[in-house]
Amino acid sequence: MGNAILVVAEHDNSQLKGATLNTLQAAVELKAQGAGAIELLIAGQGSNAVVEQAAALPDVDRVLVADAGNLAHQLPEEVSSVVVNLLEGGDYGYLLAPATTNGKNLAPRVAALMDVAQVSDITEVVSADTFIRPIYAGNALAKVQSHDALKVVTVRTTAFAAVAETGGAVEATSVDAPAALGVSSFVGEELSVSERPELTSARIIISGGRGMQSGDNFPLLEAVADKIGAAVGASRAAVDSGFVSNDMQVGQTGKIVAPDLYIAVGISGAIQHLAGMKDSKVIVAINNDEEAPIFNVADFGLVADLFEALPELEKELG
Amino acid sequence: MKVLVAIKRVVDANVKVRVKADNSAVELANIKMAINPFCEIAIEEAIRLKEKGHASEVLVVSIGPDTCQEQLRTALALGADRALQIKAEDSPEPLAIAKLLKAVVDQEQPGLVILGKQSIDGDNNQTGQMLAALANMPQGTFASDVEIEGDSLQVTREIDGGLQKVSLKMPAVVTTDLRLNEPRYASLPNIMKAKRKPLETQTPEDLGIDISPRQTVLEVTPPPERAAGVKVGSVSELVEKLKNEAGVL
Ligand SMILES: Cc1cc2nc3c(=O)[nH]c(=O)nc-3n(C[C@H](O)[C@H](O)[C@H](O)COP(=O)(O)OP(=O)(O)OC[C@H]3O[C@@H](n4cnc5c(N)ncnc54)[C@H](O)[C@@H]3O)c2cc1C
Ligand SMILES: Nc1ncnc2c1ncn2[C@@H]1O[C@H](COP(=O)(O)O)[C@@H](O)[C@H]1O
């Protein structure tokens, strides 16, 4: 088994996503620990623009492109055949994917096909075979050593800085896309469109919880968000109650975020919510219950009715 | 069609666990245990498929020490027909769990296997995808809606950007997300009835599966504590502190 690192790129056929850059940073750290070349796989259809972006990444040694109709929606049944084909060549010691919903869908399927274990959601590379990963909603950190020759790892993107995006000039090599399995097909998708920054890469996030009472009140948050260029997030309770869409959920089982500033509004601070945001640099809590557990992690707490505080905040921010 | 549901016994979601003083693991003695919340959702979905006439039988499986029979009994009380415990001392790794479940799939030939998307102790999010790979089935992970149409399964998935709908040829694997359904509670008469429902046991050896670990947990440590913050008296004080003290605005 070789020692090279295969990284699965996160993209939507038109753009390379930021999560790829964070995952590549974990690859760079593994290389510093003795791993081999960093190769980036772009599996999709008509992803020329993505390939161009990838070719400019100075830390990538090789760009691999699998382009086929059955890869258009990156269904894991299809993409895993491409990845397994590459891994079976024996050059790789690592498969890395971001711990996004795409990466989480794909990586364990590949690991099982290769008969190796997976290390999920790493936050630190300790050595060539040892990683730190949070368990129990981040209430403990496990130092895990992998004994498989091929290490399949998903990377928590907020725990790694983004690698540089320009300066490289790598040639792209095209790789085989095995014939379609045809056991699954894409039917459609409803993607949220927003002018605001993406949750997982935003510098500031303002999130609303059950205290917001209804989706109709979210414009109060959005008005503040727009003043400071923030992304808008939510607790599970706000999503379950139908105030906002599922992709806004921050937490153990939603999105993990770590912005410079996180403002929690009408959120109590359950373990599962904290798991998704407690690595933010500065945390602000606005809650009318001074006993709310969110105040235990907040750098600045304001005990107030959010329906008064939010309009005031918007005004103060000018 | 038979539906197979895999459930895990885990620390109750409301418990904040602590790391043992010797940094070997988290303290689990005398802690409230429960069915992993995502597995409860899996059980509920299987029972609903039975109630709608899509499923003829619901089999629940748990892998672990005899204590997990408590969770299997709960699943029977909720409406599962049969239970299977595969005996294992500690919790095996997801790859080993997936191999054991694959062996059960071979025995039972279910048309659908439902798992949780994630166990809330290990936070692995691996087993369903691994089982799908080993059983050569398509996978509908992080499902918020499941519809059966003939021999195919329409699954709505919660993804980073919103929702995605895929169509899978059955047999297939589904892993549940939080909004798939709201699990019911077991009624007292059903809890009594569940005591008479069949609960079998098998061992990894019976199934011919090697469950030896591929990883070693070298150390478990508590995460860094956040320093206690301050309460501010007004919105203007808050904004002032964020601008001048924290420098984040
Ligand atoms: C398996 C599992 C996974 C989970 N995953 C997640 C996850 O990923 N993310 C997540 O967030 N949760 C998750 N949860 C749910 C979590 O346990 C909590 O139930 C949830 O976070 C509560 O959301 P909340 O704080 O908005 O609601 P609540 O706990 O109801 O809190 C509402 C808060 O609003 C305050 N409030 C009310 N009115 C006002 C007002 N007018 N002004 C100011 N404050 C007000 C109240 O004082 C209260 O503190 C999960 C749970 C389970 C079991
Ligand atoms: N010991 C176990 N016994 C039965 N099912 C399990 C076990 N461990 C994991 N699973 C199933 O796999 C899902 C995902 O777990 P994990 O991959 O550990 O996050 C769980 O929700 C269960 O459905």
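It should be emphasised that the depicted structure is a prediction, and the values quoted were computed from it without experimental measurement.

Looking only at helices and strands, one finds eight helices and 16 strands in chain A. Over its C-alpha trace chain A gives a radius of gyration of 21 Å, about what one expects of a compact globule, namely 20 Å for 318 residues. Considered along the principal axes of its C-alpha atoms, chain A spans approximately 60 × 40 × 40 Å. Among the 318 residues that make up chain A, the fraction classed as buried is 59%. Look at the contacts in chain A between residues 6 or more apart in sequence, and 67% of them connect residues 24 or more apart. Total accessible area on chain A is roughly 11,600 Å²; 44% of this is exposed by carbon and sulfur atoms. For chain A, the centre of its 18 positive side-chain charges and the centre of its 40 negative side-chain charges are spaced 4 Å apart.

Moving on, we come to the pattern of salt bridges. When charged atoms on two side chains of opposite charge get close, those side chains can pair. Residue and element names in this part refer to chain B. According to the stated counting rule, one finds 33 salt bridges over all chains in the structure shown. D121 is the salt-bridge partner of K8, the closest N and O atoms lying 3.1 Å from each other. Taken as a pair, K8 in the loop between strand 1 (2-6) and strand 2 (9-11) and D121 in the loop between strand 6 (112-116) and helix 4 (127-134) lie far apart in primary sequence, 113 residues in all. Residue classification places D121 among the buried positions, given a relative accessible area of 11%. Note that E44 is salt-bridged to R184, the shortest N-O span being 2.9 Å. Taken together, the positions of E44 in helix 1 (residues 37-51) and R184 in the loop between strand 10 (172-176) and helix 5 (188-194) put the pair 140 residues apart, joining distant regions of the chain. Look at E44 and you get buried, because its relative accessible area is 4%. Taking relative accessible area as the criterion, R184 reaches 29% and is therefore assigned partly exposed.

This part covers the side chain of S62 of chain B. All names here are of chain B. Mapped onto the fold, S62 is located in strand 4 (residues 57-64). A polar contact is formed between the side chain of S62 and the backbone oxygen of I7, at a distance of 2.7 Å. Setting aside residues no more than four positions away along its own chain, S62 makes contact with I7, K8, R9, C68, L72, L84, Q85 and I86.

Attention shifts here to the site of ligand 1. Close contacts around ligand 1 come from 30 residues, with R210, S235, S268, Q272 and N287 of chain A the closest. What surrounds ligand 1 is not a single chain but chains A and B. In this structure, R236 of chain A approaches ligand 1 through a main-chain N or O atom, which is 2.9 Å from an oxygen atom. Take N288 of chain A: an N or O atom from its main chain is 3.2 Å from a nitrogen atom of ligand 1. Protein chains shield 83% of the accessible area of ligand 1, which is 990 Å² for the free molecule. For the shell around ligand 1, the secondary-structure elements that each account for two or more residues are helix 6 (236-240), helix 7 (271-277) and helix 8 (306-316) of chain A together with helix 1 of chain B. Along the lines of polarity and charge, the residues of the shell around ligand 1 split into 12 nonpolar, 14 polar and four charged.

Now for the environment of L87 of chain A. Residues and elements named next belong to chain A. Relative to the helices and strands, L87 resides in helix 3 (residues 76-88). Considering only alpha carbons, one finds L87 and V110, 23 residues apart in sequence, at a separation of 9.3 Å. Look past the residues within four positions of L87 in its chain and what remains in contact with it is L6, Y92, V110, M114 and L150.

With that settled, consider the environment of V113 of chain B. Within the secondary structure, V113 of chain B is located in strand 6. Other than its neighbours up to four places away in sequence, V113 of chain B contacts L4, V105, L131, M137, A172, V173 and V174 of chain B.

This brings us to empty space enclosed by the protein. Over the atoms, a rolling probe the size of a water molecule traces out where space has been left empty. Summed over all chains, the structure comprises three cavities of 30 Å³ or more. Considered as a void within the structure, the largest cavity measures approximately 160 Å³ in volume. Around the largest cavity, the lining is made up of 16 residues, and of these V8, A9, Q74, N102 and L106 of chain A lie nearest the centre. Looking at the lining of the largest cavity, the elements with two or more residues in it are strand 2 (38-44), helix 3, strand 4 (92-98) and helix 4 (101-113) of chain A. A class-by-class count of the residues in the lining of the largest cavity yields 10 nonpolar, five polar and one charged. Each pocket or cavity is described by its volume, and for the second largest cavity that value is around 100 Å³. Forming the walls of the second largest cavity are Y136, A137, N139, Q252, I271 and Q272 of chain A together with V11, D12, A13, V15, V17 and I120 of chain B. Its residues placed into classes, the lining of the second largest cavity shows eight nonpolar, three polar and one charged. Counting contributing residues per domain, the lining of the second largest cavity is built from domain 1 (4-174) and domain 2 (199-317) of chain A, each supplying no fewer than three.

A few words on the interface of chain B and chain A. Facing the 77 residues of chain B at the interface are 84 residues of chain A. Interface area lost by chain B to chain A is led by D160, R214 and R226 of chain B, which between them contribute 11%. Remark: the boundary between chain B and chain A carries six salt bridges. Measuring nitrogen to oxygen at the nearest pair gives 3.0 Å for the salt bridge that ties R214 of chain B to D115 of chain A. Put simply, chain B and chain A have 49 residue pairs in polar contact (both at pLDDT 80 or more) between them. Split by residue class, the side of chain B that touches chain A holds 37 nonpolar, 21 polar and 19 charged. Pairing analysis gives seven bridges linking strand 11 (residues 184-191) of chain A to strand 9 (residues 162-169) of chain B, with the strands arranged antiparallel. Counted as the bridge partner of L191 of chain A is G162 of chain B from strand 9 of chain B.

About the criteria used
Residues numbered from 1 in each chain as written. Chains lettered and ligands numbered in written order. Predicted model: local features only at pLDDT ≥ 70, side-chain atom pairs only at ≥ 80, totals over all residues. Heavy atoms only, no water. Helix = DSSP H or I, 4+ residues; strand = E, 2+ residues; numbered from the N terminus. Rg over C-alpha atoms; globule rule 2.2 N^0.38 Å. Buried < 20%, exposed > 50% of the residue type's maximum accessible area, 1.4 Å probe, protein only. Contact = heavy atoms within 4.5 Å. Areas by Shrake-Rupley, 256 points an atom, 1.4 Å probe, with all protein chains shown as cover. Lys, Arg positive; Asp, Glu negative; His and termini not counted. Charge placed at Lys NZ, Arg CZ, Asp CG, Glu CD. Salt bridge = Lys/Arg side-chain N within 4 Å of Asp/Glu carboxyl O. Polar contact = N/O pair within 3.5 Å; in protein donor to acceptor, adjacent residues only side chain to side chain. Near = heavy atom within 4 Å. Nonpolar A, V, L, I, M, F, W, Y, C, P; charged D, E, K, R; others polar. 1 Å grid on protein atoms, 1.4 Å probe; cavity = no way out; pocket = protein on both sides within 12 Å on 5 of 7 lines; lining within 4 Å. Points joined across faces, edges and corners; volume = space filled by probe spheres on them. Domains from an automatic or database assignment. Buried area = accessible area lost by both parts, 1.4 Å probe. Pairing = 2+ DSSP bridges.

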